[in-house]
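Residue-level structural notes
Listed below, chain by chain, are the residues.
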Amino acid sequence: MSVKYINLKLQYKTLEKEIMSSISRVLESGNFILGDELKNFELEIAKYCDVQYALGVGNGTDSLRIALKSLGVGKGDEVITVPNSFIATVGSIVEVGARPRFVDVGDDYNINPTLIEDAINEHTKAIMPVHLTGRPADMKIIMQIAHKYNLPVVEDAAQASGAKYHGKKVGSLGNIGSFSFHPLKNLNAYGDGGLLTTNDQELYEQIFRLRNHGLKNRNECSSFGYNSRLDELQAAILNLKLSYLDSWNETCRLIAQKYQKELSDVVEVPSDKPYEEPIYHTFIIQTDKRDDLQTYLDKQGIETKIHYPIPIHLHEAARYLGYKEGDFPNAEKQAKRILSLPIYPELTEIEVHEVIDGVKTFFRQI
Ligand SMILES: *Cc1c(COP(=O)(O)O)cnc(C)c1O
């Protein structure tokens, strides 16, 4: 018996016919970049997120970079974000020439809004909260602070496609939303893909040009940009998968509820806040016995992961920023205690119970 952390082949098998027909439709069209498939997908996902505009790009890191670039963030600027995200959140800030300024996180793994104001200074140009694990950051307070200091907010929603906050979809709460369709995300392509959402027409026009070399039209370039477009094949596949997203997210929520109910006696489990509808891209438990538990589960054939074992400010790449151990106690403490359990729509009830039994048995025998 074994439980894999993720099994992408299973999802493909359930959709095989529809996927193959989408793929062949694109191949037959002879159109592979910036065509109707992308336009359709952008329309559908804009509707889904309840925003005016959606723009497909090459991946979720480019979408963050392009978001910052469209806001004019560059050299000498600072962007406030968290030290416990996937490395790309911070990489994108550095890539546009700005400096990341970290703010510690709360028990929900998201930015602690009460610490944001202290991090704002005359160089601050944007705030970039991450909806980590598919749970929305506390956007009301974040937006209040942003308005007070006249700062734009970029939501890193790479892990949270379809999650809701006070009934509104993530990606519609800040000035720009940024999504990733990497194969390991909850809405996933067969390769790389990303997306930006916004209600701001000016930002939309900026982003529209930036993703396509800065071209205004076929021949005229207003300012230099990127080559970062969501291709027609991925757009067609994503548009198809979008119609399943809510039911997939619902299945993951049910798995999360089972984990929450069954495991809260032995480990720390996330508890949903009344205003949120998380999608549980990852389901993270916490225990002081993390390493032993992971080893034990591995021996039982149950695969787990750690998202993420090294806080970003403690990476070699971040050394020049001058942070040190102890600067972000919550993120650092969590990094030593967190473990991500398998959670995906194709996970069977039997497998979910195997995971639960595995964790419980570990704590019974120590
Ligand atoms: C995956 C991820 C990204 C980057 O997305 P890619 O499509 O892999 O470039 C950015 N931020 C977060 C929080 C992510 O999980």
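Our structure is the block above this text.
Here the structure is a predicted model, which means the values were calculated and not measured.

Let us look at the overall build of the protein. The helix and strand tally for the protein stands at 11 helices and 12 strands. The dimensions of the protein, computed from C-alpha atoms along their principal axes, are 70 × 55 × 35 Å. Contacts in the protein between residues far apart in sequence, at least 24 positions, make up 70% of those at least 6 positions apart. Of the roughly 16,500 Å² of accessible surface on the protein, 49% is carried by carbon and sulfur atoms. Within the protein, one finds 41 positive and 50 negative side-chain charges whose respective centroids are separated by 1 Å.

Spatial strand order, E1-E9-E8-E5: four strands in an open sheet with mixed pairing. Either end of the sheet is taken by a strand with one partner, and the two such strands are strand E1 (53-57) and strand E5 (154-156). The mean inter-strand angle of the sheet, taken between neighbouring strand axes irrespective of direction, is 20°. In the sheet, strand E8 (residues 176-180) pairs with strand E9 (residues 194-198) via five bridges, with the strands oriented antiparallel. The partner of Gly-177 across the bridge, within E9, is Thr-197.

All of the buried residues in helix H9 (residues 290-299) are Arg-290, Leu-293, Gln-294, Tyr-296 and Leu-297. Looking down the long axis of H9, one finds its buried residues gathered within 165° of arc, a one-sided arrangement. With respect to the buried face of H9, the exposed residues turned more than 90 degrees away are Asp-298 and Lys-299. Where H9 is buried, its residues touch strand E11 (283-286), helix H10 (329-337), strand E12 (338-341) and helix H11 (349-365). Two residues or fewer after H9 comes Gly-301, characterised by a positive phi angle close to 85°.

Let's shift gears to the nonpolar core. Judged by nonpolar contacts, the single largest core of 82 residues is most densely connected at Phe-41, Ile-45, Ile-116, Phe-181 and Tyr-259. Going through the elements one at a time, helix H2 (36-49), helix H5 (116-119), helix H6 (139-148), helix H8 (232-263), E11, H9, E12 and H11 are the ones with two or more residues in this core. Among the elements that take part in this core, H8 stands out by supplying nine residues, more than any other. Both domains that meet at this core, namely domain 1 (8-242) and domain 2 (245-365), each give it at least three residues. In this structure, Val-57, Ile-66, Val-79 and Met-128 belong to the second largest nonpolar core, which totals 21 residues.

It is worth spelling out the sheet that holds strand E6 (residues 164-165) at this point. Within the open sheet, the three strands sit side by side as E7-E6-E10. Their pairing is antiparallel. Only two strands of the sheet have a single neighbouring strand rather than two, namely strand E7 (168-169) and strand E10 (276-277).

Where H9 meets H11, the axes come as close as 10 Å, and the angle between the chain directions of the two elements is 120°. By the angle between their axes, H9 is oblique relative to H11. As for how H9 packs across H11, the hand of that crossing is right-handed. Across from Asp-292, Leu-293, Tyr-296 and Leu-297 in H9, the residues of H11 making contact are Gly-358, Val-359, Thr-361, Phe-362, Phe-363 and Gln-365. Its residues assigned to classes, the contact of H9 with H11 comprises six nonpolar, three polar and one charged.

With that out of the way, let us pick up the side chain of Thr-133. With respect to the helices, strands and loops of the structure, Thr-133 is situated in the loop between strand E4 (124-127) and H6. For Thr-133, a relative accessible area of 3% gives the class buried.

Let us look at the state of the cysteines. Applying the stated criterion across every chain, the model contains zero disulfides. Cys-252 takes part in no disulfide bond, and the closest cysteine sulfur to it belongs to Cys-49, at a distance of 17 Å. When its relative accessible area of 7% is taken as the criterion, Cys-252 is described as buried.

What counts and what doesn't
- Residues numbered from 1 in each chain as written.
- Predicted model: local features only at pLDDT ≥ 70, side-chain atom pairs only at ≥ 80, totals over all residues.
- Heavy atoms only, no water.
- Helix = DSSP H or I, 4+ residues; strand = E, 2+ residues; numbered from the N terminus.
- Contact = heavy atoms within 4.5 Å.
- Areas by Shrake-Rupley, 256 points an atom, 1.4 Å probe, with all protein chains shown as cover.
- Lys, Arg positive; Asp, Glu negative; His and termini not counted.
- Charge placed at Lys NZ, Arg CZ, Asp CG, Glu CD.
- Pairing = 2+ DSSP bridges.
- Axes fitted to C-alpha atoms, helices over the stretch in contact; angles between N-to-C directions.
- Buried < 20%, exposed > 50% of the residue type's maximum accessible area, 1.4 Å probe, protein only.
- Arc of directions from axis to C-beta.
- Core = buried A, V, L, I, M, F, W, Y, C linked by side-chain atoms within 4.5 Å.
- Domains from an automatic or database assignment.
- Parallel < 35°, antiparallel > 145°, perpendicular 65-115°, else oblique.
- Left-handed = near helix turned anticlockwise from the far one by under 90°.
- Nonpolar A, V, L, I, M, F, W, Y, C, P; charged D, E, K, R; others polar.
- Disulfide = S-S within 2.5 Å.

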